[in-house]
Amino acid sequence: MTGAPPRVDIHAHFYPKLSRSQGETLGLAATPWLRDDGDGTGFMMEDDREYRPVQAPLWDAAARVAQMDQTGVDVQVMSATPMLFSYDAEPARAHRWAAMINDIALEMCAQFPTRLRSLCQVPLQDVDLACQEVRRSVDAGHVGVHIGNHVSGRNLDDPELIRFFAFCADEAIPVLVHPWDMMAGERMPKYMLQWLVGMPAETHLAIMSMVLSGAFEQLPEDLKICFTHGGGNFAAQIGRVDNAWHRRDIVRADCPNPPSSYATRFSVDSAVFSDDALRLLVAVMGEERIMMGSDYPFPLGETEPGKLVAGSSHLSTNAKELILAGNANVFFGLEGK
Ligand code: CO
């Protein structure tokens with residue numbers, strides 16, 4: 001691609017072309033499925049209700065790669081739309097559901113093996129099944145696992161979820177955490193506030209729950225874990241959290257080191273949409289722990305993935321190359337697979 005540094009997008013969603021009968025796998029009151037209208041457009045559906053209009057790149061690998069060609073993205077690490085996590089479903093059904101979605105993702109990737117890679121999803125409400133499915137999926141070709149930032153009312157410091165992270169660390173499976181099912185939705189009915197306020201808060205809560213609980217002290221240092229949307233509010237609020245840790249024993253009760261010191265234990269994506277925010281992110285996280293992520297193909301995503309990083313006023317050429325591709329190649333082990 002014309003001498004420009006390679007671009008790997010680690011935050012790119014798909015919604016598989018699920019028929020209505022496949023959607024019934026979950027046994028939910030409202031069946032999720034995808035209606036392909038055959039003209040490059042379609043709808044995410046719930047029973048007969050049109051939930052959201054969508055376009056072919058969301059489910060069609062060829063249309064997706066054509067769009068990547070237009071926007072200069074070399075490789076996408078795809079993850080399912082978070083609404084498909086289904087952590088509230090009966091575990092055995094959620095397991096079959098995850099396996100079905102994971103197999104479809106691999107079929108999409110198989111059409112363009114040098115361009116599309118995928119993260120699996122797992123029935124995280126049952127950690128034994130989740131471990132089983134993540135192992136099976138990675139053996140089948142997925143490059144990591146995509147999880148929500150909370151499960152059945154539990155944050156990521158829940159002992160069962162720690163057990164899942166320990167399994168992923170032992171098996172060298174990278175984890176991407178995405179916010180979903182946002183808090184206080186009843187107070188955010190308008191203006192996409194659930195996305196603008198809820199999502200960054202959810203991600204902040206996820207990181208804080210791991211840091212302040214001492215979860216990172218229990219987990220192996222080689223756990224690979226990344227949070228989307230630049231880690232939400234983490235970078236902007238870490239000074240406040242460190243101050244509280246120094247001043248109040250109830251903040252540091254389970255966390256032996258200053259919260260900011262744990263920034264070395266995780267990565268974030270670059271979806272912050274502002275050069276100043278990117279500067280802060282690099283200052284807090286370090287350029288080796290940020291990976292380009294666009295939130296493709298949804299309307300709140302970066303239209304030209306990597307444009308913010310490539311055009312940054314403060315990053316060195318080397319830092320741009322790391323963030324645009326190098327860090328992701330290492331994190332997900334993309335080269336040589
Ligand atoms: Co996203």
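These lines cover the structure that appears in this document, whether it is placed above or below.

About the cut-offs
- Residues numbered from 1 in each chain as written.
- Predicted model: local features only at pLDDT ≥ 70, side-chain atom pairs only at ≥ 80, totals over all residues.
- Heavy atoms only, no water.
- Helix = DSSP H or I, 4+ residues; strand = E, 2+ residues; numbered from the N terminus.
- Rg over C-alpha atoms; globule rule 2.2 N^0.38 Å.
- Buried < 20%, exposed > 50% of the residue type's maximum accessible area, 1.4 Å probe, protein only.
- Contact = heavy atoms within 4.5 Å.
- Donors = N, O, S within 2.8 Å, 3.2 Å for Na, K, Ca; no water.
- Core = buried A, V, L, I, M, F, W, Y, C linked by side-chain atoms within 4.5 Å.
- Pairing = 2+ DSSP bridges.
- Disulfide = S-S within 2.5 Å.
- Axes fitted to C-alpha atoms, helices over the stretch in contact; angles between N-to-C directions.

1. Here's the deal with the overall build of the protein
- Counting secondary structure elements, the protein contains twelve helices and eleven strands.
- Against the globule reference of 20 Å for 337 residues, the protein gives a C-alpha radius of gyration of 19 Å, in line with a compact fold.
- Taken over the C-alpha atoms alone, the protein extends approximately 60 × 50 × 45 Å along its principal axes.
- Counting over 337 residues, the protein shows a buried share of 54%.
- A separation of at least 24 residues holds for 70% of the contacts in the protein among residues at least 6 apart in sequence.

2. Focus: the coordination of the cobalt ion
- Coordination of the cobalt ion by the protein comes from His11 (NE2), His13 (NE2), His178 (NE2) and Asp295 (OD), over a distance range of 2.1 Å.
- Linear spacing of the donor residues for the cobalt ion on their chain is H-x1-H-x164-H-x116-D.
- Overall, His11 belongs to the buried group, its relative accessible area being 0%.

3. Some points on the nonpolar core
- Counting 58 residues, the largest nonpolar core has Val145, Ile147, Phe164, Phe165 and Ile225 as its most contacted members.
- Considering each element in turn, this core owes the most residues, six residues, to helix H5 (residues 159-170).
- With residues near it in sequence (within four places) discarded, Phe165 still touches Ile147, Leu156, Val175, Met210, Leu219, Leu223 and Ile225.
- Within the second largest apolar cluster, 28 residues are counted, among which are Ala56, Ala80, Cys109 and Leu116.

4. Considerations on the pairing of strand E4 (residues 49-55)
- One ladder, built from six bridges, connects strand E3 (residues 41-46) with E4; its direction is antiparallel. Each residue of the ladder has a partner; that of Glu46, found in E4, is Arg49.
- Counted between consecutive antiparallel strands, the loop separating E3 from E4 contains two residues, among which Asp47 sits at a positive phi close to 50°.

5. Side note on the state of the cysteines
- For the structure shown, the criterion picks out zero disulfides.
- Residue Cys168 stays outside any disulfide, its sulfur separated by 6.7 Å from that of Cys131, the closest cysteine.

6. Remarks on the sheet that holds strand E1 (residues 8-14)
- In space, the three strands of this open sheet follow the order E1-E5-E6, with parallel pairing throughout. Whereas interior strands pair on both sides, the edge strands pair on one side only; in this sheet they are E1 and strand E6 (116-118). Adjacent strand axes in the sheet meet at a mean angle of 35° when their direction is disregarded.
- In this sheet, E6 lies alongside strand E5 (residues 75-80) in parallel orientation, the contact comprising three bridges.

The quantities given are spatial measurements derived from coordinates; they are silent on function.
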